[in-house]
Amino acid sequence: MMPRYHLQPEAKGLGMTSQRARDRMVERLRGEGGIRDERVLTAMRTVPRHVFIDEALASRAYEDTALPIGNGQTISQPWVVARMTEALIEHGLPARVLEVGTGSGYQASVLATLGLETYSVERIEELLRIARRRFRHQGLNVRTRHDDGRAGWPEYAPFGGIIVTAGAAAIEPGLLAQLDEGGTLVAPVGSATGQRLLRIRRLDGQFVQDDLGAVVFVPLLPGTL
Ligand code: SAH
């Protein structure tokens with residue numbers, strides 16, 4: 001069978017996009033990163049992160065850094081993806097998760113690789129088109145929608161997990177309304193001067209919040225492009 005991807009020869013030659021590069025990334029996440037959840041580490045060892053980045057930058061895919069993905073957007077750094085995913089599933093694997101901000105498709109692929117039924121909404125059509133192609137090539141079943149994700153995805157609500165990958169001044173009430181009882185929402189919240197990663201759980205009809213630390217995300221914006 002023909003290989004599905006033709007990597008840049010130089011990146012391939014240097015092993016920048018190899019399984020070894022991915023294994024090293026995972027060891028850093030476990031070591032300095034303090035990521036403990038083996039399910040998350042295994043998923044991130046499996047998903048080929050370089051496939052979600054433009055070829056010109058693929059050799060940097062396994063550095064712990066955010067990278068541009070076009071349209072002024074970025075793929076989150078591996079540690080942030082790991083930490084958000086870990087926080088999302090810490091209190092149990094949700095059956096169905098919603099991501100707001102598909103971007104490159106990497107975070108959604110990690111969720112789908114964990115075996116979660118994954119729904120992802122993106123406001124920029126061009127990014128979504130590219131992400132969909134990647135899901136198809138990876139054989140991943142991620143359901144996507146081109147829309148303003150602040151409204152969630154009412155047809156499939158409620159969700160056991162919701163992950164927002166762009167920052168707003170506050171959590172969207174419409175998203176909280178789509179969070180199932182016992183469910184977990186993870187989102188960056190704050191202003192230009194500082195964002196915090198918040199986790200909100202819906203327990204007995206109450207929303208319980210904890211602060212997971214400082215983060216930097218691109219803004220959650222209204223409307224579609
Ligand atoms: N999860 C992505 C991160 C992408 S950056 C990844 O793994 O690559 C955040 C993304 O959120 C951008 O693609 C941006 O276009 C998108 N976004 C911002 N506001 C949005 C909104 N209201 N609805 C849906 N997507 C939004």
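1. Section: the packing of aromatic side chains
- Under the defined criterion, the tally for this structure stands at five aromatic pairs.
- Ring geometry for F52 against Y106: centres 5.8 Å apart, planes inclined by 65°, an arrangement best described as edge-to-face. On the criterion of sequence distance, the pair formed by F52 in the loop between α3 (38-46) and β1 (67-70) and Y106 in helix α5 (residues 106-113) is long-range, its members being 54 residues apart. For the pair F52 and Y106, a shared accessibility class is recorded, and that class is buried.
- Where W153 meets Y156, the ring centres are 5.3 Å apart and the plane angle is 80°; that geometry is what we call edge-to-face.
- Exposure remark for Y156: the relative accessible area of 33% places this residue in the partly exposed category.

2. So, the sheet that holds strand β3 (residues 96-100)
- Strand order in the open sheet formed by seven strands is β5-β4-β3-β6-β7-β8-β9, with mixed pairing between adjacent strands. The strands lining the two open edges of the sheet, one partner per strand, are β5 (142-146) and β9 (206-215). When the angles between neighbouring strand axes are averaged without regard to direction, this sheet yields 15°.
- Judged from the four bridges that link them, strand β6 (residues 159-164) and strand β7 (residues 179-191) form a sheet pairing that is parallel. Counted as the bridge partner of G161 is T184 from β7.
- Sitting on the sheet, α5 is in contact with β3, β4 (117-122), β5 and β6, with an inclination near 170° to β4.
- On top of the sheet, helix α6 (residues 125-138) reaches β4 and β5; it is set at about 165° to β5, its chief contact.

3. Side note on the packing of helix α2 (residues 19-30) against α3
- At their nearest, the axes of α2 and α3 sit 8 Å apart, and the two run at 155° to each other. The angle between the axes of α2 and α3 places the two elements in the roughly antiparallel class. Remark: the crossing between α2 and α3 carries right-handed chirality. Touching Q19, R22, D23, M25, V26, E27, L29 and R30 of α2 are E38, L41, M44, R45 and T46, all from α3.

Rules and cut-offs
- Chains are numbered independently. Their residues run from 1 in the order of the written sequence.
- Selection of residues for local features in this predicted model requires a pLDDT of at least 70, selection of side-chain atom pairs for listing and counting requires 80 or more, and totals for whole chains, interfaces and linings are taken over all residues.
- The side-chain quantities take in all heavy atoms of the structure and omit both hydrogens and water.
- Classification of ring pairs rests on two measures: the distance between centres of Phe, Tyr or Trp rings, Trp counted by its six-membered ring, which must be within 6.5 Å, and the angle between planes, read as stacked under 30 degrees, edge-to-face over 60 and tilted in between.
- Helix and strand definitions follow DSSP, with helices as H or I runs of at least four residues and strands as E runs of at least two, each counted in order from the N terminus.
- Note on classification: 1.4 Å probe, protein chains only; a residue is buried when its accessible area is under 20% of the maximum for its type, exposed when over 50%, partly exposed between these limits.
- Note on pairing: two strands pair once DSSP finds at least 2 bridges between them.
- Only the stretch in contact is used when fitting a helix axis, every axis being a line fitted to C-alpha atoms; angles between N-to-C directions are given from 0 to 180 degrees.
- Two residues form a contact once any of their heavy atoms are found within 4.5 Å.
- In this scheme, roughly parallel covers angles under 35 degrees and roughly antiparallel covers those over 145, while 65 to 115 is roughly perpendicular and the rest are oblique.
- Handedness of each helix crossing follows the sense of rotation of the near helix against the far helix: counterclockwise by less than a right angle gives left-handed, clockwise gives right-handed.

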